Structure formats: structure tokens, C-alpha cells
Amino acid sequence: MRVLLPVLAIFLILGVGPSWAYQEIHVSNGGAISGTVTIEGGKPRPMAFNLVTIPDPVYCGRISTGTGWRLVEDFVIGPDAALKDVVVVLKEVSKGKPFKDVSTRIEAIDCDFFPFVNVVRDQSEITVVNMDPIEHDIQGYETARTRGARVLFNRPLPMNPFHKAAGFLGHQHLAGEPMVESIHLRKGRNVFVMQCGFHPYMFSWGLVVDNPYYGITGGDGKFAIGDIPPGEYTLSAWHPGANTFIDQSVTVLANQSVSVQLVFEAPQGRRSVHEMAENPRFGLELLGEEEIHPSLRVQIP
């Protein structure tokens, strides 16, 4: 929790839920919204964690800088400044296409949570599966800018007992027993965040949605939302690394598509207390004969 709090101070989001219940109807003349989300101002400075001070440095260090640090790759920026993992939603939609259950499955793979960003529906279930040959400790929180964080759950996530010993460079990812939690967020909190208590650089974020009109950008920064009843709406974009929503008014016409361009401003300067720094007391020599090799991916600060 001490690790999470300074991160939450950067990521807390303002959001107030609607007072009505969503009504499902048949949409025969729906329109669509498509677009691209980009970021300007360059790539933000990443959070970084010293692997020497954290359990399983050899196994988790297979993705690292090569100098003993593990980065949180929250801002994934593609060609033409395209921004990945942005949730784009239509706000205050009272009725529309069927709102299917939002099933959220998060996997722990190579000391990362996948997917990094999800959508969450209040009262829905979140399933977490350990694919690593090491144990994880799952901590779930709800948060909002004016109300702070509240613990939803804290449970161990054991590995599959048939895994080989940790540290082997070539191993199979074997699913452990799923952990299933029902999520109920209090009024005024619309952001869910999950972190590993053993490996604090592992994050997975979720934005609470109250209607089915949403999309999540891929590596090309694109999204698409269809079957929208004609009308005036507010389109809202959210990224866990930003400190704000981007809102834009849109008019949806029957059987037509509207294209939008959304731009985030990159956070500048120091974003967290967790950044790379020289510290002779916590160098790689503390590992003794063990060595950290970024055999899966070398992270670039």
C-alpha cells in the first residue's frame, strides 16, 4: 500500500456516475463514431523499480533495463504519436443497444498484468490467473480524485503447482487456479486499479462504464463505437497515466459515421517517487552469483 499511494496521487480521476439505469432498446438507425487518440509533448518519464530490492529479481528481470531496473510501460506510443490503452466512452447514454455483461480476465505473465487497461462494470466479476512460475499478491483498489483510494480485496495468487522452478529462461506459462472477485464500487469512484504486492511494477487499470458505448485504443491509437442512437453526446477519453479526461461534444446522425481526433498532453517532469537513480547501497552486487538478464525484452528508459 505504501508503494501504491504515491502512484495513485498521480492517477486519481474525477468521475460521478449517472442517476439513471441504462435501458436496452432496438437500434435500427444507429450512427457510429471512429477516431484516433494521440499524445503530444513526447514520451513521459517512466516509473522504475529497483529489482534488487524486490522478490524474484532474476525471473522478473528477463524484462528490464539490463542495469537492474524494471520500468512500468504505461505510455505505449506508436507511429505518428498514436496512444495505446485509451478508454473512449460516450457519457450519459440513457438507452441503446444491449449491454452485455463485461467479463474481465487479467493474466499475470512475465511479471506483467495483461491487459494493462480494461473496462469494468459495477457488480461484475474480475478473474485473475497466474501464468508465471512464481507467486503474486493481488491488491485491488477503487479510487476517485476527491474521495481517495479504498481497498476492494487483497489475496495471494499461487502459481500452478506443476510449474518448473523459477529462473529457467525457457518455460511454459501454465495457468494457476483462477482468483475471482466481484467488484462493487462506491458512488463517485469510477476507476479500478490492481497491483501486485510482491512485484509493485505490475499494474492493471479499469474504467467503470455504465453503458456499452466504449472502445479501447490499440497500438495504432484507433477506436470505433457503433449502433449509437442519433443524438447529442459527450465523448470522453481516459488514460491511466494522464491526470484528466478529454471531453468532446459530438453529434451522431442516423446511419452516418463521425470521425474525431483526440489529443492528450504528455505529463511533464517527475511523475512518481519511483524513478531510476544511482544508489551504491542497492547495486547488482547484492545478488551475489545471481545475474539479471533481460532475455525477453530490454526496456529503454
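Located above this text is the structure these notes cover.
The notes below deal with the structure included here. Keep in mind the model is a prediction, meaning the values are calculated, not measured. Within every chain, residues take consecutive numbers counted from 1 along the sequence as written. At least 70 in pLDDT is required for a residue's local features to be given in this predicted model, at least 80 for side-chain atom pairs to be given and counted, and no such filter applies to totals for whole chains, interfaces and linings, which use all residues. Computation of side-chain values covers all heavy atoms of the structure but excludes hydrogens and water.

A word on the side chain of Asp-74. To qualify as a helix, a DSSP run of H or I must reach at least 4 residues; to qualify as a strand, a run of E must reach at least 2; elements of each kind are numbered from the N terminus. As for its position among the elements, Asp-74 is in the loop between strand E5 (69–72) and strand E6 (87–91). A polar side-chain atom of Asp-74 sits 2.6 Å from a polar atom in the side chain of Arg-271. Throughout this description, a polar contact denotes any pair of N or O atoms lying within 3.5 Å of each other; where both atoms belong to protein, one of them has to be capable of donating a hydrogen while the other can accept it, and for residues adjacent in sequence the pair is counted only when both atoms sit in side chains.

Moving on: the pairing of strand E19 (residues 231–238). Pairing between strands is defined by DSSP: at least two bridges between the two strands are required. Here E6 pairs with E19 via five bridges, running antiparallel. Bridge assignment links Leu-90 to a residue of E19, and that residue is Leu-235. Where E19 and strand E20 (residues 246–252) come together, seven bridges link them in antiparallel fashion. Across the sheet, residue Ala-237 finds its bridge partner in E20, namely Ile-246.

We now examine the pattern of salt bridges. For salt bridges, the criterion is a side-chain nitrogen of Lys or Arg within 4 Å of an Asp or Glu carboxyl oxygen. The final tally for this structure, using the stated rule, is twelve salt bridges. The shortest N-O distance in the salt bridge between Asp-112 and Arg-70 comes to 3.4 Å. With a gap of 42 residues between them, Asp-112 in strand E9 (residues 112–114) and Arg-70 in strand E5 connect regions that are remote in the sequence. The buried category is assigned to Asp-112, whose relative accessible area is 17%. For each residue, the accessible area found with a 1.4 Å probe, counting protein chains only, is set against the maximum for its type, and the residue is called buried under 20%, exposed over 50%, and partly exposed in between.

Right, let's talk about the packing of aromatic side chains for a bit. Stacked, edge-to-face and tilted are the three classes for Phe, Tyr and Trp ring pairs, Trp counted by its six-membered ring, which pair at centre distances within 6.5 Å; planes under 30 degrees apart are stacked, over 60 edge-to-face, the rest tilted. Tallied over the entire structure, the rule returns four aromatic pairs. A centroid spacing of 6.3 Å and a plane angle of 35° characterise the contact between Phe-153 and Phe-192, whose relative ring orientation is tilted. Here the residue Phe-153 occupies a position in strand E13 (residues 150–157), and Phe-192 occupies one in strand E15 (residues 191–196), the gap between them amounting to 39 residues. Given the relative accessible area of 6%, Phe-153 is considered buried. For Phe-192, a relative accessible area of 1% gives the class buried. By definition here, charges over rings are those cases where NZ of Lys or CZ of Arg is within 6 Å of the ring centre and within 35 degrees of the ring normal. A cation over a ring is seen here: Arg-121 above Phe-99, with NZ or CZ 3.7 Å from the ring centre.

Here we come to the sheet that holds strand E8 (residues 104–109). The four strands lie next to each other as E9-E8-E11-E14, forming an open sheet whose pairing is mixed. One side of each edge strand has no neighbouring strand; the edge strands of this open sheet are E9 and strand E14 (179–182). Pairwise comparison of adjacent strand axes, ignoring direction, gives a mean angle of 20° for this sheet. Of the pairings in the sheet, the one linking E8 to E9 comprises three bridges and is antiparallel in character. When the bridges of E9 are listed, Ile-109 appears paired with Asp-112. A fitted line through C-alpha atoms serves as each axis, taken over the contacting stretch for helices, and the angle formed by two N-to-C directions is quoted from 0 to 180°.

Let us look at the nonpolar core. Residues Ile-33, Val-88, Leu-90, Tyr-201, Phe-223, Leu-235 and Phe-264 are the most contacted members of the largest nonpolar core, which totals 68 residues. In terms of residue count, the dominant contributor to this core is E15 (five residues). By the convention used here, residues are in contact when the closest approach between their heavy atoms is within 4.5 Å. If we skip the residues at most four places from it in the chain, Phe-223 touches Ile-33, Ser-34, Gly-35, Thr-36, Val-37, Val-88, Thr-217, Leu-235, Val-260 and Leu-262. Nine residue types can take part in a nonpolar core, namely buried Ala, Val, Leu, Ile, Met, Phe, Trp, Tyr and Cys, and a core is a set of them joined through side-chain atoms within 4.5 Å.

Linking two cysteines covalently through their sulfur atoms gives a disulfide. Cysteine sulfurs are considered disulfide-paired once they come within 2.5 Å of each other. Counted by the stated rule, this structure contains one disulfide. Bridging Cys-60 to Cys-111, the disulfide has an S-S length of 2.0 Å. Looking down the S-S bond of the Cys-60 and Cys-111 bridge, the torsion is -60°, so its handedness is left-handed. Here the residue Cys-60 occupies a position in helix H2 (residues 57–60), and Cys-111 occupies one in the loop between E8 and E9, the gap between them amounting to 51 residues. Judged on exposure class, the residue Cys-60 and its partner Cys-111 are both buried. Among the cysteines around Cys-196, which has no disulfide bond, Cys-111 carries the closest sulfur, lying 7.8 Å off.

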